[in-house]
Amino acid sequence: MLSHSLVSLADELLTDARAAHTGRSARTIHGGRDHTLRQTLLAFAAGKRTGKHESPGEATLQVLRGKVALSTDDGVWEGTEGEYLVLPAQQHDLEAVEDAVVLLTTAVTTHSEA
């Protein structure tokens, strides 16, 4: 059985993000080549963002700390600690309105040839 303290990891990653020139830090806590489910903790110093990118497919975002804004062509969603979002299947950008840590969960599909 594998267990993680999300509180401790969030503290560690936020410290790393504040010190990094990019203002970001991340760690995958579950997933890899043999897994469909991938879960990654992402930490951002206030004002830092992912930049516009395509949706990773089926994915959710849970705000563990701070406040974030997810922007799409359709509008902006602001989330604070404890809030959960099913990511839209469209291009988006995530910005830390204040120092923030989120848990990104994605379903990674692989196509095998028959």
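This write-up is about the structure you can find in this document. All chains use their own residue numbering, which begins from 1 and follows the written sequence. Selection of residues for local features in this predicted model requires a pLDDT of at least 70, selection of side-chain atom pairs for listing and counting requires 80 or more, and totals for whole chains, interfaces and linings are taken over all residues. As a rule here, side-chain values come from all non-hydrogen atoms in the structure, and water together with hydrogens is ignored.

1. Some thoughts on the overall build of the chain
Cut-off, in case you're wondering: By the criteria applied, helices consist of DSSP H or I runs no shorter than four residues and strands consist of E runs no shorter than two, each listed in order from the N terminus. When we talk radius of gyration, it's over C-alpha atoms, and the globule rule is simply 2.2 Å times the number of residues to the 0.38. Contact criterion: two residues are considered in contact whenever any of their non-hydrogen atoms come within 4.5 Å of each other. In this description, accessible areas are obtained by the Shrake-Rupley approach with a 1.4 Å probe, and a residue is regarded as covered only by the protein chains that are shown. The convention is simple: Lys and Arg are positive, Asp and Glu are negative, and His and the chain ends are not counted. The atom standing in for a charge is NZ when the residue is Lys, CZ when it is Arg, CG when it is Asp and CD when it is Glu.
Looking only at helices and strands, the chain features one helix and eight strands. The order of α-helices and β-strands along the chain, N terminus first, is α-β-β-β-β-β-β-β-β. A globule of 114 residues ought to have a C-alpha radius of gyration of about 13 Å, and the chain, at 14 Å, matches this closely. Overall, the chain is about 45 × 40 × 25 Å in size when its C-alpha atoms are taken along their principal axes. Within the chain, counting contacts between residues at least 6 apart in sequence, those at least 24 apart form 63% of the total. Accessible surface, the chain: about 7,000 Å² in total, of which carbon and sulfur atoms supply 48%. Separation of charge centres in the chain, based on 10 positive and 16 negative side chains, amounts to 6 Å.

2. A word on the pairing of strand 5 (residues 75-80)
Along a regular strand, successive side chains alternate from one face of the sheet to the other. Operational definition: Whether two strands pair comes down to DSSP finding at least two bridges between them.
Pairing of strand 4 (residues 67-72) with strand 5 involves six bridges; the strand directions are antiparallel. The residue bridging V68 from the neighbouring strand is G79, located in strand 5. Remark: two residues form the turn of the hairpin made by strand 4 and strand 5, two consecutive strands paired antiparallel.

3. Brief notes about the sheet that holds strand 4
To keep things clear, this is the line we draw: Note on method: axes are straight lines fitted to C-alpha atoms, helices fitted across the in-contact stretch only, with angles between N-to-C directions ranging 0 to 180 degrees.
Reading across from one edge, 5-4-7 is the order of the three strands in this open sheet, with antiparallel pairing throughout. Of all the strands in the sheet, just strand 5 and strand 7 (93-96) have a single pairing partner and so form its edges. Pairwise comparison of adjacent strand axes, ignoring direction, gives a mean angle of 20° for this sheet.

4. Re helix 1 (residues 6-19)
This is how the line gets drawn: A helix is expected to span 1.5 Å multiplied by its residue count minus one. In this scheme, a residue with accessible area under 20% of its type's maximum is buried, one over 50% is exposed, and one in between is partly exposed, where area comes from a 1.4 Å probe on protein chains only. The directions from the helix axis to the C-beta atoms are what the arc is built from.
Its 14 residues give helix 1 an end-to-end C-alpha distance of 20 Å, which sits within 8% of 20 Å, the value for a rise of 1.5 Å per residue. What helix 1 keeps buried is the set L9, A10, L13, L14 and A17. Projected onto a plane normal to the axis of helix 1, the buried residues spread over an arc of 130° and lie on a single side. Opposite the buried face of helix 1, by more than 90 degrees, sit the exposed residues V7 and A19.

5. Quick notes on the nonpolar core
The tendency in soluble globular proteins is for nonpolar side chains to be buried side by side. Operational definition: What makes a nonpolar core is a set of buried Ala, Val, Leu, Ile, Met, Phe, Trp, Tyr and Cys residues whose side-chain atoms join them at distances within 4.5 Å.
Of all hydrophobic cores here, the largest spans 14 residues; its most connected members are F44, L61, V68, L87, L94, V102 and L104. The residues contacting L87, other than those within four sequence positions of it, are A59, T60, L61, L70, H92 and L104. Core analysis: the second largest hydrophobic core is formed by ten residues, A10, L14, I29 and V101 among them.

6. Regarding the sheet that holds strand 8 (residues 100-107)
Reading across the sheet, the five strands line up as 1-2-8-3-6 and stay open at both edges, with antiparallel pairing between neighbours. Where the open sheet ends on each side, the last strands, each with one partner, are strand 1 (24-30) and strand 6 (84-86). Neighbour to neighbour, the strand axes of the sheet diverge by 20° on average, direction disregarded. Pairing of strand 2 (residues 37-44) with strand 8 involves eight bridges; the strand directions are antiparallel. Counterpart to T40 in the pairing with strand 8 is L104. Of the strands in this sheet, strand 1, strand 2, strand 3 (59-65) and strand 8 touch helix 1, which is tilted by about 150° from strand 1.

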